[in-house]
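# Residue-level structure breakdown
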Amino acid sequence: MAEVEETLKRIQSQKGVQGVIVVNSEGIPIKSMVDNSTTVQYAGLMHSFIMKAKSTVRDIDPQNDLTFLRICSKKNEIMIAPDKDYFLIVIQNLTE
Amino acid sequence: MEIVYVYVKKRSEFGRQCNFSDRPAEINVDIQPDPGLTANFIERDPIDAGIQCASDMSEHEVNTERFEMENAGVNHLEGGWPKDVNPLEMEQTIRFRKKVEKDENYVYTIIQLGSLMEHCIKQNNAINIYEEYFEEEETADVADEPPSAKTINVFRDPNVIKRTATHLSWHPDGSKKLAVAYSSLEFQRSSKDMSYDSYIWDLENPNKPELVLRPSSPLVSLEYNPKDSHILVGGCYNGQIAYWDTRKGGQPVELSTVEFSHRDPVYGTIWLQSKTGTDCFSASTDGQVLWWDIRKLTEPTETLVMDISRKGVLENALGAIALEFEPTMPTKFMVGTEQGVVITCNRKAKTPAEKIVGTFSGHHGPIYALARNPFFPKNFLTVGDWTARIWSEDSKESSIMWTKYHMAYLTDGCWSTIRPAVFFTTKMDGTLDVWDFLFKQNNPSLNVKVCDEPLFSLRLQDNGRFIGCGSKRGTVTLLEVSSGICTLQRNEKNLAMAMFERETKREKILEARHREMRLKERTKAEGKEEDVKVETEEETPEELLARVQKEFFEIIEAEIRRKERAAKLSKPQVAQRPGLPKGWGGWGGSLTLVLHRGTGV
C-alpha cells in the first residue's frame, strides 16, 4: 500500500507531470491526482482507445501485445501503461 | 495457288540472334490479270451508300455526392461502476476504491507500471524526442516553383437573369465572408424581372448566400466597415447611398434622399477613418464626390465637384469612377475619372478650389481602378483602357512604369498586400494577370483564365493569398495563389523601393528635359515673331502647286542623271534613255522611281 503511494508520488514529482490517473479494466478511476471531471473524461476516453490499440497490435501479430501507449499532442503528452487489470495514465507537459 | 516460301536453316542456328542483311527485291509471286474471271461478277449500278456528316457527340452526366456534415458532442458521465455501488454516493465509491487498493495484484501491477512509466517520463525530460530539426531551412525552396493559382470555390448568381458582379468586399476580421454587389452596368439593358438583390456569401457554403441585401435599386458598390463588421455601405445604380446592419436583416437601415444623392450610379464608396467610424464618401460619374455620415443619410456632410479648372462648375466636371483612400494619409484622397485623369485632392483645404491639388493624365479611357501601394504610398497603380500604369506622386507628367498594351480591356486591379512589387489585374477576356514587376515587366508572371466571360471586379483578401474575381454573369470565383506569390522574398522591399525611386528619377529627368526644350522653343518663337511679321507672303494654291511640281521634276531629273552616270561607269555604251515626258502622263511611271529611291533624294 505504501509502495503504491510512494511510486505514484515519485511519478507526480517528476518534471512536467500534470496528472496521474489509475483506472481499472472497467474504466473506473481508482486513484487520481487531477480533478473529478477531468478524471472521468480521461477514464472514459482512454479506455476505448487502449482497447482499440491493444486489439490492433494483437490483430497484426497474435503473439504480440501492447506494452506502452503514447499520445503526443501540441500541448502535452499522454502516456498510458496498460496491464491486464489496470491502466496507469500520466499527462506530461513537453518540456521546452 | 499456294504461296510458299522455302528456306533452309541449320539446327545449330536456331535460337541465335537475327543477323539482318540487305538484298535486292525478289518477285515471289506474279499473278497476271485474267479477264475470263469477270464472268463470275455482276456489275451493280447505282450503289446506295449511307454517309452522315455530323460531329460526334456524346452525353455524359456527373453528379457529385453531397457531403453531409453534422455537428455532434459527447457528454461524459461516470459509469462502469458495479451494480452495488452507487456512483453518486461518496461513501460507497470510497469504500470500493479502498477495497481495490488493498488487492495484492493492484499493488504489484502499479509498481511494475510505475517503473515503466518513469522511464518514459525521464526520457521525455532528458531530450525532446519530437524536436523539429532544420525548421528554418525550408524557406529557401519556395522560390523555385513557378507561380500558379487554383480555383477554390465558385459562387454563382442564383437568379435566372444573371447580373454582373460589380464589386466585392471581404469581411474585415477573419475574411470568412464576402459581400458582392450585383447590378447590370449595361446601359438600359436591365429588364423588369432582374432582381435587385446583392448577397453576402459565406465561403464554406457556395450554394446559398448567407444574407440577401435588398436595396431599392441594384447596388454598384458595396463595402464592409473596417471598424464594425456588421455595417456595410452600398452605392446604388440610381445614385443613392444605403447602409445595412447585418444583424437587422436584408433591408437597408437607411437610404439617402434622392434629391441630395448622386445623379448617376455610385461607382465608388469607401469608409473613412474617423472616431465614430460612421463616415464614408462616395463618387459617381455625375462629377461629384459626396461625404456622408451614415447616422444621417438625408443629406451629405460635404460635396466636391470634380472640375479640374477648380471653378466648381458641374457641367465641366469629370465623371468619377474609382476612389482611393489610404487610412494612413487621412487628409488626402484620389479620384480616377471617366476621362482618364486622376485627380488628387486634399480634404482639409478651406476652399473648394484648393481641394483639388493636382491631376495626372495618361490613360486613354476611364480609369477603372486606383490603388496605392501599401508599402510605398507615394506610388499608386491605375488600371484603365488597355494598360495598367504605376505613378509616383512626384512625377505629374506621366506614369513611371506601365504595362504593354493588351488585346483586351483591363477592368480592375489591386496591389498585393504582402509583396510590394506584385499586383493583380483582370481583363475583359476573363483572365487574371499576376504581375511581378521586380521579376518581369513586359509580361505578367502568371496569366490565369478564370472564366469565359469578362471579369469585372477583383478583390484580394488581407492575407494576400485568396482573390475573389467577379464576372459579367455574376459568377464570383475564389482563387488561391501559390505561396511564391504571397510570401515576401528576401530583400524585396529594398529592391522595390530602389526600382520605384529609379523610375521616378528617370521620369523627372525626362520631364526636366521636356521643359527645357519647350522653354527653348518658346523663346525662339518669341524671337522670330518680330522678324516674320513683315514678310508674310500669301501663296495662292496654284502658285504653291506649280512650285511643288517644279521641285519634283527637278528631283527626278537629278536622279536620272545620277543613274546615267552610274550606268556609264559600269557599261561602255550609252543606254538610250527616253526623255522625261512632260505633263501629267509621265507621272505614273516616274512616281515609282521616286518612291523606290526616296531616301536617295
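Everything here concerns the structure above.
These notes cover the structure that comes with them. (Residues numbered from 1 in each chain as written. Chains lettered and ligands numbered in written order. Predicted model: local features only at pLDDT ≥ 70, side-chain atom pairs only at ≥ 80, totals over all residues. Heavy atoms only, no water.)

## Some points on the overall build of chain B
When its secondary structure is counted, chain B shows seven helices and 28 strands. Taking all contacts inside chain B whose residues are at least 6 apart in sequence as the whole, residues at least 24 apart take part in 51%. Element-wise, carbon and sulfur atoms account for 53% of the exposed surface of chain B, whose accessible area totals about 38,600 Å². (Helix = DSSP H or I, 4+ residues; strand = E, 2+ residues; numbered from the N terminus. Contact = heavy atoms within 4.5 Å. Areas by Shrake-Rupley, 256 points an atom, 1.4 Å probe, with all protein chains shown as cover.)

## Focus on the sheet that holds strand S5 (residues 211-213) of chain B
Residues and elements named next belong to chain B. Read from one edge of the open sheet, four strands run S2-S3-S4-S5, paired in antiparallel fashion. Whereas interior strands pair on both sides, the edge strands pair on one side only; in this sheet they are strand S2 (164-170) and S5. Within this sheet the neighbouring strands show an average axis-to-axis angle of 25°, counted without direction. Direction of pairing for strand S3 (residues 177-183) relative to strand S4 (residues 198-202): antiparallel, over a ladder of four bridges. When the bridges of S4 are listed, Leu178 appears paired with Trp201. (Pairing = 2+ DSSP bridges. Axes fitted to C-alpha atoms, helices over the stretch in contact; angles between N-to-C directions.)

## A look at the sheet that holds strand S11 (residues 279-284) of chain B
Within a sheet, each strand pairs with its neighbour through backbone hydrogen bonds, oriented either parallel or antiparallel. Residues and elements named next belong to chain B. Spatially, the four strands line up as an open sheet ordered S10-S11-S12-S13, and their pairing is antiparallel. Each of the sheet's edge strands pairs with one partner strand only, and the pair in question is strand S10 (266-271) and strand S13 (302-305). For this sheet, the mean angle separating the axes of adjacent strands, direction not counted, is 15°. Across four bridges, strand S12 (residues 288-293) lies against S13 in antiparallel orientation.

## With respect to the packing of helix H1 (residues 2-12) of chain A against helix H2 (residues 104-126) of chain B
Each pair of packed helices can be described by the angle between their axes along with the distance between the axes. Remark: H1 of chain A packs on H2 of chain B, axes separated minimally by 9 Å, with the N-to-C direction vectors making an angle of 15°. It follows from the interaxial angle that H1 of chain A and H2 of chain B lie roughly parallel. The way H1 of chain A lies across H2 of chain B gives a crossing that is left-handed. In this structure, H1 of chain A uses Glu3, Val4, Thr7, Leu8, Arg10 and Ile11 of chain A to contact H2 of chain B, whose residues at the interface are Tyr106, Val107, Ile110, Ile111, Gly114, Met117, Glu118 and Ile121 of chain B. Residues belonging to the contact of H1 of chain A with H2 of chain B are distributed by class as follows: nine nonpolar, two polar and three charged. (Parallel < 35°, antiparallel > 145°, perpendicular 65-115°, else oblique. Left-handed = near helix turned anticlockwise from the far one by under 90°. Nonpolar A, V, L, I, M, F, W, Y, C, P; charged D, E, K, R; others polar.)

## Points about unusual backbone geometry
All names here are of chain B. Of note, the bond from Asp45 into Pro46 is cis; its omega dihedral lies within 30 degrees of zero at 5°. Considering the arrangement of structural elements, one finds Pro46 in the segment before helix H1 (90-102). If you check the backbone angles, Asp385 has positive phi at about 35° while not being a glycine. Relative to the helices and strands, Asp385 is located in the loop between strand S19 (379-384) and strand S20 (387-392). Here Asp385 falls in the buried class, since its relative accessible area comes to 0%. (Buried < 20%, exposed > 50% of the residue type's maximum accessible area, 1.4 Å probe, protein only.)

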